[in-house]
Each structure stands twice: as structure tokens, then as C-alpha cells.
Amino acid sequence: MQYYISTRDSTHRVSLSEAIAHGIAPDGGLYIPEEFPRFMAHDFEGLSELPEIGAHLLAPFAEGDPLAETLAEICREAFTFPAPLVPLERAPAPASVLELFHGPTSAFKDFGARFLAASLERIRRDADRKLTILVATSGDTGAAVAAAFHNRPWVEVVVLYPKGLVSQRQAHQLACWGGNVRTFAVRGTFDDCQRMVKEAFLDPSLAESHQLSSANSINVGRLLPQMVYYARAGLELWRATGRRPNFIIPTGNLGNALACIWARHIGLPIGEIVLATNANQTICDFLRTGAWNPRPSVATLASAMDVGNPSNMERLRSLHPQFEELQTQISASSVDDIEIRATIRRDAHELGQLWCPHTATAAKVFRRLLARGAKGHWVIVSTAHPAKFNDIVEAQAGREVPLPPALAELLARPRQEKELDASLDALRAELQASA
Ligand SMILES: *Cc1c(COP(=O)(O)O)cnc(C)c1O
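What comes next concerns the included structure. Bear in mind that the values here come from a model prediction, so they are computed numbers and not experimental data.

Scanning all chains against the criterion turns up 26 salt bridges. Across the pair Arg13 and Glu34 runs a salt bridge whose closest N-O atoms are separated by 3.3 Å. In this pair, Arg13 sits in strand 2 (residues 9-14) while Glu34 sits in the loop between strand 3 (31-33) and helix 2 (50-58), placing the two residues 21 residues apart along the sequence. Residue Arg195 is joined to Asp192 by a salt bridge in which the shortest nitrogen-to-oxygen separation is 3.1 Å. In this pair, Arg195 and Asp192 both sit in helix 7 (residues 190-202), 3 residues apart, roughly one turn of the helix.

For the rest of this paragraph, the subject is the pairing of strand 11 (residues 273-277). The buried count for strand 11 comes to 5 of 5 residues, which makes it a mostly enclosed element. For strand 10 (residues 246-250) and strand 11, the ladder comprises 4 bridges, and the chain directions are parallel. Residue pairing for strand 11: Pro250 is matched across the bridge by Ala276. Regarding the hand of the β-α-β motif, the stretch spanning strand 10, helix 10 (residues 255-265) and strand 11 is right-handed. When strand 11 meets strand 12 (residues 331-334), the two strands line up parallel, connected through 4 bridges. Bridge pairing in strand 12 places Leu275 opposite Ala332.

Here we come to the sheet that holds strand 1 (residues 4-6). The strands making up a sheet associate through hydrogen bonds between their backbones, and the pairing can be parallel or antiparallel. One open sheet holds the 3 strands; their spatial order is 2-1-3, and the pairing between them is antiparallel. Whereas interior strands pair on both sides, the edge strands pair on one side only; in this sheet they are strand 2 and strand 3. On average, each strand axis in the sheet is inclined to that of its neighbour by 40 degrees, with strand direction left out of account. Sheet topology note: the strand 1/strand 3 ladder contains 3 bridges and is antiparallel. Across the sheet, Ser6 pairs through a bridge with Tyr31, a residue of strand 3.

Picture a little ball the size of a water molecule; that probe, rolled over the atoms, points out where space is still empty. Per the stated rule, a full pass over the model turns up 2 cavities of 30 Å³ or more. Within the residue set of the lining of the largest cavity, elements represented by two or more residues are helix 3 (71-78) and helix 4 (109-123). Residues belonging to the lining of the largest cavity are distributed by class as follows: 9 nonpolar, 1 polar and no charged. The calculated volume of the second largest cavity comes to roughly 40 Å³.

Moving on to helix 16 (residues 390-397). Here helix 16 has its buried residues at Asn390, Val393, Gln396 and Ala397. Viewed along the axis of helix 16, the buried residues span an arc of 145 degrees, placing them on a single side of the element. In helix 16, the exposed positions angled more than 90 degrees off the buried face are occupied by Asp391 and Ala395. Tucked into the core, helix 16 has its buried residues touching helix 6 (168-175), helix 14 (337-350) and helix 15 (357-371). Just past helix 16, the residue Gly398 takes up positive phi, approximately 75 degrees.

What follows is about unusual backbone geometry. We note that Ser106 has phi near 65 degrees; this positive angle belongs to a residue other than glycine. Locating Ser106 in the fold gives a position in the loop between strand 5 (95-99) and helix 4.

Near the ligand lie 14 residues; those nearest to it are Lys109, Asp140, Gly252, Asn253 and Thr383. Measuring from an oxygen atom of the ligand, one finds a backbone N or O atom of Asn253 at 2.8 Å. One nitrogen or oxygen atom from the main chain of Gly255 is found 3.0 Å from an oxygen atom belonging to the ligand. Burial of the ligand by the surrounding chains reaches 96%, relative to a free accessible area of 380 Å². Its residues assigned to classes, the shell around the ligand shows 5 nonpolar, 7 polar and 2 charged.

What counts, and where the lines are drawn
- Residues numbered from 1 in each chain as written.
- Predicted model: local features only at pLDDT ≥ 70, side-chain atom pairs only at ≥ 80, totals over all residues.
- Heavy atoms only, no water.
- Salt bridge = Lys/Arg side-chain N within 4 Å of Asp/Glu carboxyl O.
- Helix = DSSP H or I, 4+ residues; strand = E, 2+ residues; numbered from the N terminus.
- Buried < 20%, exposed > 50% of the residue type's maximum accessible area, 1.4 Å probe, protein only.
- Pairing = 2+ DSSP bridges.
- Right-handed = clockwise from strand over helix to strand, strands pointing away.
- Axes fitted to C-alpha atoms, helices over the stretch in contact; angles between N-to-C directions.
- 1 Å grid on protein atoms, 1.4 Å probe; cavity = no way out; pocket = protein on both sides within 12 Å on 5 of 7 lines; lining within 4 Å.
- Points joined across faces, edges and corners; volume = space filled by probe spheres on them.
- Nonpolar A, V, L, I, M, F, W, Y, C, P; charged D, E, K, R; others polar.
- Arc of directions from axis to C-beta.
- Contact = heavy atoms within 4.5 Å.
- Near = heavy atom within 4 Å.
- Polar contact = N/O pair within 3.5 Å; in protein donor to acceptor, adjacent residues only side chain to side chain.
- Areas by Shrake-Rupley, 256 points an atom, 1.4 Å probe, with all protein chains shown as cover.

All we've got here are geometric facts, nothing functional implied.
As C-alpha cells, then:
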């Protein structure tokens, strides 16, 4: 039986289904597997597609849980689009791009959101109350969650985003759903949206009228499936070259990168892991000094990475409690807005490659590593399609970004949203009007 324990209390043990249903441990800690399984590359012989690698890789993480029986089905339902490794042919050293933006909302968060939705659907099969998922979003999470839960009759999704503070196309993706998804443009900031969600969870009258849940990125149901594309990419390059590829990962809350660290920890062929952050320096400062100093986030062009207190660091520190050991596992490098713009412009011209502002941080770090003489095969992890941030990208690249079909389809739908004051009273009134 695989249990999940809290990062703050290893005696608090729950099953996988419970960890997914609760999201966060009652003591405020994050759920982590009590024991990690071990794999070798040859355990995956003959497997090359995401759903089959996922079912094999995640089986020990679901051992003894009711989800184990339908895990293969969940993986087929969640991984319906590819995560291709595309060679970066004009790069000055061996490199590939891991494209994680081929899902319905053109960012990597589709993988986690779809796996979470497929899992929760089975966990909640016999539940008698409808679930209401509240999501505060700074852009990509809300759309991925809305897409993943849209038209599932057992759940209602309420998306709160800061009006005017996401890109035009992001706003459209958040508001184009209708049905069981309600979208609110909050007259406030992302922090206001987050505060409203937290207050809603503590509100006695909402607790009575609604079964509230969240779908934020600390849920293990979003973290576990992200290991699968790292496993697939690592195996593909290992089989082709006999060497472990290195990964550069655009990082905000450390959810995507932690999945890569876990995948390497359990034995997949992954070499160095380098985090690329924007001007938010919390992780870089920590890795240099050992002092963990969370601070308010600063706004950057790579807005989905504007995180001043990356919550998944708690999971990484519980994996490597000794700071000196942790320091040997990852490194990090910070990229500011001037460098993001310059990298988008340079790589559009020199490599013929268009990056979203988040991916551009990893592309910049790749150049820095080469300048320092780094060897090996490097994988630049691309977290979103550049067309989602066309204003920023086109201004630097000097040409239009082609629209991927999934994004074009969403942009053709009408927007359905309401404005909302940044207060719990306003949110409560909306929720209870529909109850
Ligand atoms: C969420 C997001 C990130 C940051 O991922 P974390 O898991 O929070 O580190 C990077 N790029 C894009 C496009 C994102 O949406």
C-alpha cells in the first residue's frame, strides 16, 4: 500500500485518493509519497507513448488505492495529446525542445488538470453532493482547469482572475466555457482572487451550501502526471544516445520542475536539472545562501512564474533535508525582462524559433550554460505556446505567431463572464444565487 504523508507530519497518512480529494494536508503541509518506488530504464522496454509509460510509472504511486484499477484508463483519458521532443537544429550544441503546449489550452498545465479531473471523477463517483471547484488564476491554471472539468455534470467550476492583468488571449481562454464553468473578472489583483478563495473555504454559510474544493498546483493529482513527460523524454534520448539528457525548466511555483526531480529520483534517465526563473529571486537566493526568504512577487513578462513564495519548495526540502545535498541536486538561474525580450528576438532570428516569455527564460539559461562550457544534450522545456502571448512575442520577433488549432478554436467561442468586486460578500452572493 502506498501512503501519502504530510511534509510537516510523517505520522499523518492517507491514501492517494484521499490526498487528491483533500489537496492540502490538515496541518497545512503538502502530501508526498511515503516511499518512492525505484525504476531502471529497461523497466520501460517496449513502451514509448505517454499513456502506457504513465500507467507503468504511476502504478506504484497508486498501489492499494481504488484508483489503481482504472489507472491505465485515467492515463488514456488524460494524455490525449503529445509532448514531442523537437531537435533544436540550429543551436550551437546538441539540444531539443520539449513542447508541453499541445493540449487544449496550449500550456503544460493541461497535463495535470486533465489527470486530476479524470481521477476526481472516479473518486467522486458515489458522492451525493456536487463539487464546486474554486480557482484563482493568474492566467494559465484557470483555463486548463476549466477545460478539463467542462461538461462534467458532477462538478461546477468557478474561475476568478484579475481583470485586465492577463493577456487578451488568456482572458478569452478563461471566459469561453459556459455550462458548468463560471468565470469572474475580479476588480482587483491575483492576490485578491487568492484571498477570496481562501476566505470562501473558511466561510460557515458557504460550507453549508457548497462542497468546496480547489484544484491548485500543490495537489498531488497534478504533480504525479507531470513526471510522465519527463520519463518519456528521458527514455527517448537515452535510447537514442545512451546518455542522460539535462533539462532546463521555466519555474515559478516549482510544480513542473519538482515532477522532473521526482522522475530522476525514482531512476529515470535524467541528468542535470537547471531551473530558469524570472526576476523573482527566492529560489536562486536560497540555493546560494541556504536561507529561505519568501517575499512578495514582482510582475514580469513571464507572468505565470511570478511567484515569491514557491510552495513546492517544501516538498523538495523534505526530499533533501540537508542543504548541502539539495544544492547538488539542482541549480537555478534568474532571467530578467530585458533578457527575456532579447532572447525572444535573438532566437527568432538566429534559430528560427519562437518562444513564449516563460520558455525564453530557459532558452537564455541554455546560452549561459554553453558560455560556461556545459556539455551533454540539453532539453529546453517549453511550457506554453508563444501564440498565447502574441503581443510580447510578435513585438520582439518582428513577425506573426501562427495560431495553433486548439487556441484558434477557443478564441472563436464567445466570451461569457461577469465582473465581480474583490470581496467575499460578492463571491458568496454569486455562489448562493446559483445553489
Ligand atoms: C505555471 C507556468 C509556469 C510555472 O510552472 P510552476 O510549476 O509553477 O513552476 C511556467 N510557464 C508557464 C507557461 C506556466 O503556465
